[in-house]
Amino acid sequence: MLVLITMLLSIPALAGEGVVTIAVVTQERDPVKPISPLDQEIRDEGAAGARLGSTDNATTGRFTGQGFRLVERVVMKNGQPEDVIRKLVDEGIRLVVSDLDAPLLSAAASAPEAREILLLNTRAPDDSLRNESCRVNVLHTIPSRSMLADALAQYLMTKRWRRWFLVIGSTPGDKLQAEAFRRAASRFGAEVAVEKEWTFKPGHGRTDTGHVTLQTEIPAMTQAADHDVLVVVDEMNGFGEYVSYRTARPRPVVGTHGLVATGWSAVSEQWGATQLQSRFEKSYGRRMTAVDYAAWAAVRAVGEAATRARSSDPVEIMSYLRGPDFILSGFKGQGQSFRAWDGQMRQPILIAGPRLLVSVSPQAGYLHRGSELDTLGTDREESRCKF
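Owing to the predicted nature of the structure, the values given are computational and were not obtained by experimental measurement. (Residues numbered from 1 in each chain as written. Predicted model: local features only at pLDDT ≥ 70, side-chain atom pairs only at ≥ 80, totals over all residues. Heavy atoms only, no water.)

Enquirer: Can you walk me through the packing of aromatic side chains in this structure?
Expert: Two descriptors summarise a pair of aromatic rings, namely the distance from one centre to the other and the angle between the planes of the rings. All told, the structure shown has nine aromatic pairs when counted by the stated rule. Plain terms: the ring middles of Phe-188 and Tyr-366 are 5.4 Å apart, the flat faces sit at 85° to each other, and that makes the pair edge-to-face. A residue pair is termed long-range when its members are at least 10 positions apart, and Phe-188 in helix H6 (residues 172-188) and Tyr-366 in the segment after strand E15 (357-361) qualify at 178 residues. Residue Phe-188 is classed as buried on the basis of its relative accessible area, which comes to 14%. Relative to Tyr-293, the ring of Trp-264 has its centre 4.5 Å away and its plane inclined at 0°; by these criteria the two rings are stacked. Taken as a pair, Trp-264 in the loop between strand E10 (259-262) and helix H8 (273-284) and Tyr-293 in helix H9 (residues 290-309) lie far apart in primary sequence, 29 residues in all. Across the pair, Tyr-293 and Trp-264 agree in class, each one buried. An aromatic cluster is built from Trp-264, Tyr-293, Trp-296 and Phe-331, whose rings are joined through pairwise contacts. (Phe/Tyr/Trp six-rings, centres within 6.5 Å; stacked < 30°, edge-to-face > 60°. Helix = DSSP H or I, 4+ residues; strand = E, 2+ residues; numbered from the N terminus. Buried < 20%, exposed > 50% of the residue type's maximum accessible area, 1.4 Å probe, protein only.)

Enquirer: Just to check I follow, could you spell out the side chain of Thr-289 for this structure?
Expert: With respect to the helices and strands, Thr-289 occurs in the loop between H8 and H9. Residue class for Thr-289 comes out buried when judged on its relative accessible area of 17%. Within polar-contact distance, the side chain of Thr-289 engages the side chain of Asp-292 at 3.0 Å. Those residues within four positions of Thr-289 in sequence are excluded, and the remaining contacts are Ile-42, Glu-45 and Trp-264. (Polar contact = N/O pair within 3.5 Å; in protein donor to acceptor, adjacent residues only side chain to side chain. Contact = heavy atoms within 4.5 Å.)

Enquirer: Can you walk me through the pattern of salt bridges in this structure?
Expert: Using the criterion set out here, one finds 32 salt bridges in the structure. Close ionic contact of Arg-183 with Asp-150 constitutes a salt bridge, the shortest N to O distance being 3.1 Å. Residue Arg-183 is located in helix H6, and its partner Asp-150 is located in helix H5 (residues 145-158); the two are separated by 33 residues in the primary sequence. In this structure, Arg-300 engages Glu-304 in a salt bridge whose closest nitrogen and oxygen atoms are separated by 3.4 Å. Taken together, the positions of Arg-300 and Glu-304, both in helix H9 and four residues apart, correspond to about one turn of that helix. Taken individually, Arg-300 and Glu-304 each receive the classification buried, so the pair is uniform in this respect. Taken together, the salt bridges that share partners define one network made up of Arg-29, Glu-45, Asp-99, Asp-101 and Arg-123. (Salt bridge = Lys/Arg side-chain N within 4 Å of Asp/Glu carboxyl O.)

Enquirer: Help me understand the sheet that holds strand E13 (residues 345-346), please; the structure alone is not making it clear to me.
Expert: Pairing between sheet strands relies on hydrogen bonds along the backbone, with the strands arranged either parallel or antiparallel. Spatially, E11-E12-E13 is the arrangement adopted by the three strands of the open sheet, whose pairing is antiparallel. Where the open sheet ends on each side, the last strands, each with one partner, are strand E11 (328-329) and E13. Note: E11 against strand E12 (residues 335-338), two bridges, orientation antiparallel. If you follow Leu-328 over to E12, its bridge partner there is Gln-336. (Pairing = 2+ DSSP bridges.)

Enquirer: Help me out: how do you make sense of the sheet that holds strand E3 (residues 95-99) in this one?
Expert: Taken together, five strands build an open sheet; the order of strands is E2-E1-E3-E4-E5 and the sheet is parallel. The two strands at the open ends of the sheet, each matched to only one other strand, are strand E2 (67-75) and strand E5 (138-140). Adjacent strand axes in the sheet meet at a mean angle of 25° when their direction is disregarded. Examined bridge by bridge, E3 and strand E4 (residues 118-121) share four bridges and lie parallel to one another. Within E4, the residue paired with Ser-98 across the bridge is Asn-121. The strands touched by helix H3 (residues 81-90) are strand E1 (19-27), E2, E3 and E4; relative to E2, the strand with the most contacts, the crossing angle is about 155°. (Axes fitted to C-alpha atoms, helices over the stretch in contact; angles between N-to-C directions.)

Laid out in structure tokens, this is it:
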């Protein structure tokens, strides 16, 4: 951190004297086909959360005499994130919200010009970005895969659902999330009793006869030794929605579908969450996703740091964000701050069903010498991050 701040001290004056400028960098993505007729196609995920965060910053700024500005940039397909970072630096922008997948985020953070900026990761859950591939110029508001797995594991252990059946998708992210669940099982005393890779292609599950095929194939696929709970690992939403109510044994479905661990859910209404949900839906005509929330939290974190530090200087804002006094009120019941050892925002994780909030982790009884929030994800002694 000291190296980063020392480099920033030599930066020329930024654009917009007295105004805190934040850039949100997204990437061009193919639209995701809805699984259910109740699903909406989302084209502004992440960006919408950042815009609401900027609106909230401006509201606070009217009382503190500070100005806030949000600019948006897109990395096109086959584009280079390094080029976008270079242009932002040329414009005098040093605070950047990254709505990029892990490879593009790594490329952006490794650009020579990126030494002069702070990136706030709101999309990539990869544990490697918090460990061996960590960067001093990156903070993370999106929970890591290990945080999500640990949060769900704690809840399952409170229910004494110790024997897990993992059904794992074929994508690289699915493999990483499955590894996080294995780690969580070992960490909290559960057992992965069975593992299977999902190989069936659901195809047209919503066609006239699709349900007949699913009703035949899924029970056959889920025949396994006895288990307490079936853990679906399907980050790309390719098959997980089809599993509930079709399994060979009458067991709860959890993981990426069914009962899920998430940084944010549309069903959350406690701790003032209803007002955040309603403001988002009124502005953007849809419900707030976990990625939207992470982007909102990133922009609000910058705004909160600027307010508390009473400064529009990016160097002072960055220092305050990483300091012991920073706390973000994130509508989840506890203050949220950044871990010194890997830049991850410590935060409660919601355990949510399709229609109602079920619980919040960390669960009661999981103690920590510092913060119970640090029972989720990589703790200081486990960290492989070397800034």
